[in-house]
Amino acid sequence: MSRGKDEQRGAGMRTIPVEEAVGTVLAHDITEIRAGDFKGAAFRKGHIVRPEDVCHLQRLGKASLFVLRIADDEMHEDEAARAIAGALMGDGVVIQGEPREGKINIVAARDGLLTVDADALREFNMQGEVMCATLHTGTVVEQGRVVAGTRAIPLVVKKAVVEKAVRICEKVRSSEFGVRNAAPPHPPLAKRGGRGGVIEVKELRKPRTGVVITGTEVFSGKVKDSFAPVIEKKIASFGGEIVGIHYAPDDQKQIEARLRDLLDAGADLLITTGGMSVDPDDVTRHA
């Protein structure tokens with residue numbers, strides 16, 4: 001086949017001398033064996049040959065290589081992975097390391113609440129040559145946790161596919177998807193702000209919490225309360241504070257009064273517990 005026809009075919013496979021391989025893409029793994037020390041892939045499929053690789057390849061006995069030619073309208077899988085990962089990311093997330101075999105992870109850059117624009121992610125994943133999987137939106141995550149993984153599926157990806165996937169992500173920043181997202185655009189425990197993105201970790205606001213523990217048996221002292229320590233531990237784990245813990249009998253007006261007392265004290269999160277919510281005569285929900 002002539003050189004011209006080879007270029008017209010795009011990512012054509014061919015064999016070339018190792019000295020001429022700089023800048024080309026390996027079409028197969030190259031194994032290295034060092035007695036008693038190492039046995040495995042010295043160079044993996046998809047690796048872009050660098051000038052410093054030539055001597056190494058020659059030492060491995062490679063006089064020629066089976067390589068791919070990437071056309072002008074195509075991208076190497078790692079280049080594509082960088083592009084789509086960057087487009088997917090909003091505030092509070094970062095890339096973990098370098099792409100490998102077209103795959104890259106996105107991790108939480110801070111403790112917070114993971115939010116994922118499900119509609120945009122679904123359309124992104126329908127493009128065929130790219131994909132992204134995430135934890136469920138609304139998951140509370142710690143800094144450093146992997147929240148998503150994205151990849152270019154084939155070794156060589158059409159630029160048009162990558163560009164379309166990137167445009168889908170850009171729509172999120174213009175709020176084209178946000179209003180239709182299954183998850184609330186501003187979860188109640190998350191701070192607002194930021195540049196927007198398909199995948200974000202929002203900073204948790206610190207709730208000022210008021211607690212009303214209901215039940216006549218607890219209010220009268222016949223049963224020891226075991227709810228307060230659990231709630232205090234939960235709120236502390238979110239960096240919040242408790243502005244008050246009140247006890248109330250099974251009386252709608254008294255429960256309501258204690259809740260209003262807590263609002264007046266500055267609570268912006270109310271928790272009620274202790275009652276039997278499955279019981280039809282429980283009045284907590286009415287209060």
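What you are looking at is a predicted structure, and each value in this text was computed from that prediction instead of being measured. (Residues numbered from 1 in each chain as written. Predicted model: local features only at pLDDT ≥ 70, side-chain atom pairs only at ≥ 80, totals over all residues. Heavy atoms only, no water.)

**Student:** Break down the overall build of the protein for me, citing the residues and quoting the values.
**Tutor:** Broken down by element type, the protein carries eight helices and 17 strands. Taken over 287 residues, the protein has a buried fraction of 39%. For the protein, restricting intrachain contacts to residue pairs at least 6 apart in sequence, the fraction spanning at least 24 positions comes to 68%. For the protein, the accessible area works out to roughly 15,900 Å², and carbon and sulfur atoms hold 51% of it. (Helix = DSSP H or I, 4+ residues; strand = E, 2+ residues; numbered from the N terminus. Buried < 20%, exposed > 50% of the residue type's maximum accessible area, 1.4 Å probe, protein only. Contact = heavy atoms within 4.5 Å. Areas by Shrake-Rupley, 256 points an atom, 1.4 Å probe, with all protein chains shown as cover.)

**Student:** An account of the pattern of salt bridges is needed here, citing residue identities and associated values.
**Tutor:** Pairing between side chains becomes possible if they bear opposite charge and their charged atoms approach one another. What the rule picks out here adds up to 16 salt bridges. The residue Arg50 makes a salt bridge to Asp53 at a minimum N-O spacing of 2.8 Å. The partly exposed category is assigned to Arg50, whose relative accessible area is 38%. For Asp53, a relative accessible area of 3% puts it in the buried group. Measuring nitrogen to oxygen at the nearest pair gives 3.1 Å for the salt bridge that ties Lys158 to Asp73. On the criterion of sequence distance, the pair formed by Lys158 in strand S13 (residues 156-158) and Asp73 in the loop between strand S5 (64-68) and strand S6 (74-76) is long-range, its members being 85 residues apart. Taking the relative accessible area as the measure of exposure, Lys158 reaches 34% and is therefore partly exposed. On the accessibility criterion, Asp73 (40% relative accessible area) is partly exposed. Each of Asp29, Arg44 and Glu101 takes part in salt bridges that share partners, so that together they form one network. (Salt bridge = Lys/Arg side-chain N within 4 Å of Asp/Glu carboxyl O.)

**Student:** Before we move on, could you go through the sheet that holds strand S16 (residues 241-248) and cite the residues and values that matter?
**Tutor:** A sheet is described by the order of its strands in space; here three strands give the open sequence S16-S15-S17, paired in parallel fashion. The sheet is open, and its two edges are formed by S16 and strand S17 (269-273), each paired on a single side. For this sheet the average axis-to-axis angle between neighbouring strands, irrespective of direction, equals 20 degrees. Bridge analysis of strand S15 (residues 208-214) against S17 gives five bridges, and the strand direction is parallel. (Pairing = 2+ DSSP bridges. Axes fitted to C-alpha atoms, helices over the stretch in contact; angles between N-to-C directions.)

**Student:** Report on helix H7 (residues 227-237), specifying residues and quantitative values.
**Tutor:** Three or more residues of H7 are buried, namely Ala228, Ile231 and Ile235. For H7, the angular spread of buried residues about the axis comes to 70 degrees, placing them on one side. Residues of H7 that are exposed and point more than 90 degrees away from the buried face comprise Val230, Lys233, Lys234, Ala236 and Ser237. Considering only its buried residues, H7 is in contact with S15, S16 and S17. (Arc of directions from axis to C-beta.)

**Student:** Account for the packing of helix H4 (residues 118-125) against helix H5 (residues 159-173), naming residues and giving values.
**Tutor:** For the pair H4 and H5, the least separation of the axes is 9 Å and the interaxial angle reads 170 degrees. Judged by the inter-axis angle, H4 sits roughly antiparallel to H5. The residues of H5 that touch H4, namely those facing Ala120, Glu123 and Phe124, are Ala165, Ile168, Cys169, Lys171 and Val172. Counted by class, the contact of H4 with H5 contains six nonpolar, no polar and two charged residues. (Parallel < 35°, antiparallel > 145°, perpendicular 65-115°, else oblique. Nonpolar A, V, L, I, M, F, W, Y, C, P; charged D, E, K, R; others polar.)

**Student:** Please provide a residue-by-residue account of the sheet that holds strand S10 (residues 130-134), values included.
**Tutor:** In space, the four strands of this open sheet follow the order S7-S8-S12-S10, with antiparallel pairing throughout. Whereas interior strands pair on both sides, the edge strands pair on one side only; in this sheet they are strand S7 (93-100) and S10. Averaged over all neighbouring strand pairs, the angle between strand axes comes to 20 degrees, with direction disregarded. Here five bridges tie S7 to strand S8 (residues 103-108), and the two strands are oriented antiparallel to one another.

**Student:** Residue-level account of H4, with values.
**Tutor:** By the burial criterion, the buried members of H4 are Asp119, Ala120, Leu121 and Phe124. Capping of H4 at its N-terminal end is provided by Asp117; its side-chain oxygen lies 3.3 Å from the backbone amide nitrogen of Asp119. (Polar contact = N/O pair within 3.5 Å; in protein donor to acceptor, adjacent residues only side chain to side chain.)

**Student:** Hey, could you go over the pairing of strand S12 (residues 146-152) for me, with residue numbers and the actual values?
**Tutor:** Remark: a regular strand shows side chains that alternate across the two faces of the sheet. Across the seven residues that make up S12, a large majority, five, are buried. For S8 and S12, the ladder comprises five bridges, and the chain directions are antiparallel. Bridging across to S12, Asn105 finds its partner in Gly149. Direction of pairing for S10 relative to S12: antiparallel, over a ladder of five bridges. Its bridge partner lying in S12, Cys132 is registered against Thr150.

**Student:** Break down the packing of helix H3 (residues 77-88) against H5 for me, citing the residues and quoting the values.
**Tutor:** When two helices pack together, their arrangement is given by the angle between the helix axes and the distance between those axes. One way to put it is that H3 packs onto H5 with a least axis distance of 8 Å and a crossing angle of 10 degrees. One element, H3, and the other, H5, form an angle in the roughly parallel class. For H3 against H5, the interelement crossing comes out left-handed. Of the residues in H5, those touching H3 at Ala80, Ala83, Ile84, Gly86, Ala87 and Leu88 are Val162, Ala165, Val166, Cys169 and Arg173. (Left-handed = near helix turned anticlockwise from the far one by under 90°.)

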